[in-house]
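Remarks on the overall topology
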Amino acid sequence: MSKLGFTFGSIALFTLVACGGNETTKPSDDADETDEAGSTDKVDSGRPKDAGRPKDAGRDATTTPPRDAGNTTAALVKLPCEVDRIVTEKCGTCHGSDPSAPVSLVTAQDFQAQAADNKAMYASVKQKINATDPRLRMPPTSGKELTEEEKATLNAWLDKSAPGSNEKCNPTPTSDAGVDDKGSLGVVDPDDPSLTCYRFLAHNGDNKTPLPVGIAPDVYFAFVYAAPWKDTQYGMVVRPIVDNKKALHHWLLFQDNVPGVPTGAIPQIGAHPTGQLLAAWAPGADPMDFRQIAKDKGGVGLELPSNTTYTVEFHYNSDDANAKDASGVEICVAKEKPANIAAYSWVGYDNLGFPSTNWRGTCAPFITTPINIISFMPHMHLKGIHMKGTVVRANGQSEVVHDKPFDFNYQVSYPVSITLNPGDKIVTDCTYSEPAVFGQPTNMEMCYLFSMAYPKGALATPDVWGSIAHGSSSCLGQ
């Protein structure tokens, strides 16, 4: 797929309407600036560290100076911990320290600055998060909406004129594991000793230095890794690691049904006939944590055998001759098997041979037992503007389960809890700004409602084209 994504591009316009408000349009030649997967700071191994949060999230006021460093009377700049968490998760994609929107919302001083409407920024933010018109409300409908509890927390803080804090916040746990020819060296998660975290990264054939990407217009590479763990393990947390936001379009993590040979970059065409999709990243995508999902049903996770290989496919779209990349995935595993094993399925439509502004795909699973869907990740390209998912029950009744605008620069994974019974179908409708045809490049189109579901492989149909293109875990309309 093209910048998926659990997946996606390189040329776009960012506006405050799509990323934080309805003020001045800010052009950008970097569609990946919306990535929130992590900073590009390096450690000695040549790998990014602190993946999973924006650069300044969880910062300490003692080490982050005020923006006006010459002002000796500057107030505390750090956000209160709960405010920091909400702003990072719900606003950081567009308003982080390297914003795609016109303003950063990273420090208390950012909130206390003057907004474009001459109000204090905190007053403008309060107005926008409480707007009744969804076209004006922030975050935008294509993003992650605030819960009522989160909105109350922000309102209470904004009503106090957004004061700074000296609280010390706990950062999202990460590991700085190095890599060897078997994949990545495991590091125990500091916040959950039951988990060991491993990393699979793009490299220059030596598992140590970044991949020289260079000029790469819609180029696909795959890296094969031997399982670095002993015995079968169970993936409970998947964290994206994004090194070069300007070059990376998306990545996909597959379990190889037919073991391969560990290797460096192998040119690909975007087909995966022998792979089971486990995880994916595209701009805006978050880490996935299975630990709290379906606990009342015995839990859920990814099954990761040790007697096979794992492939990460990278889609690059780079116009920089000097571009390098060490992006990839960190997957944290446990020894204890959960009651339910999940995986992604390719749901939607991908065989359109003539231009159209609307595509529809119908997924009719052939399994005769219930299927539990726990997340959706919509994926289209630059012309995609809206996606709708509808469950049509066997008795003819239907219910809309996803109905949101699509933003190529903010491809969010939406938690859901949906049970499909035998005879039920999922209908995916994709809408484009102009007639489009299917294709891997960013200037062509796709229509995928990637669905994480259990039992693993249940959300599938015996479709010949889907199996050839994406393996057995596909449920695509033709």
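In what follows, the accompanying structure is described. These numbers were taken from a predicted model, which means no experiment stands behind them.

We now examine the overall build of the protein. Assigned secondary structure in the protein consists of six helices and 27 strands. Within the protein, buried positions represent 57% of all 478 residues.

On the secondary structure map, K119 appears in the loop between α3 (108–112) and α4 (121–129). Taking the relative accessible area as the measure of exposure, K119 reaches 36% and is therefore partly exposed. If sequence neighbours within four positions are ignored, K119 has contacts with A113, Q114 and Q127. In terms of polar contacts, K119 uses its side chain to reach the side chain of Q127, at 2.7 Å.

Another point: helix α5 (residues 148–158). When we look at burial in α5, the residues that qualify are E150, K151, L154, N155, W157 and L158. What you see down the axis of α5 is that its buried residues fit within an arc of 165°, all on one side. Among the exposed residues of α5, those oriented more than 90 degrees off its buried face are E148 and E149.

As a further point, take the nonpolar core. Core analysis: the biggest nonpolar cluster contains 84 residues, and L253 and Y316 have the highest contact counts within it. The element that contributes the greatest number of residues to this core is strand β26 (residues 447–454), accounting for seven residues. Aside from chain neighbours lying at most four places away, what touches Y316 is A202, L211, V213, A216, P217, D218, V219, F221, A247, L248, H249 and D325. Counting residues in each nonpolar core, the second largest holds 17 residues, with I86, V87, A115 and W157 among its members.

Following the criterion strictly, the structure yields 13 salt bridges and no others. Salt-bridge contacts for R239 lead to E330; the nearest nitrogen and oxygen are separated by 3.0 Å. Remark: E330 occurs in strand β17 (residues 328–334) and R239 occurs in strand β9 (residues 233–241); sequence separation between them is 91 residues. A relative accessible area of 3% places R239 in the buried class. The salt bridge partner of R291 is D289, with a shortest N-O separation of 2.6 Å. Overall, D289 belongs to the partly exposed group, its relative accessible area being 33%. When salt bridges with common partners are traced through the structure, they connect E82, R85, K90 and E150 into a single cluster.

What counts and how
Residues numbered from 1 in each chain as written. Predicted model: local features only at pLDDT ≥ 70, side-chain atom pairs only at ≥ 80, totals over all residues. Heavy atoms only, no water. Helix = DSSP H or I, 4+ residues; strand = E, 2+ residues; numbered from the N terminus. Buried < 20%, exposed > 50% of the residue type's maximum accessible area, 1.4 Å probe, protein only. Contact = heavy atoms within 4.5 Å. Polar contact = N/O pair within 3.5 Å; in protein donor to acceptor, adjacent residues only side chain to side chain. Arc of directions from axis to C-beta. Core = buried A, V, L, I, M, F, W, Y, C linked by side-chain atoms within 4.5 Å. Salt bridge = Lys/Arg side-chain N within 4 Å of Asp/Glu carboxyl O.

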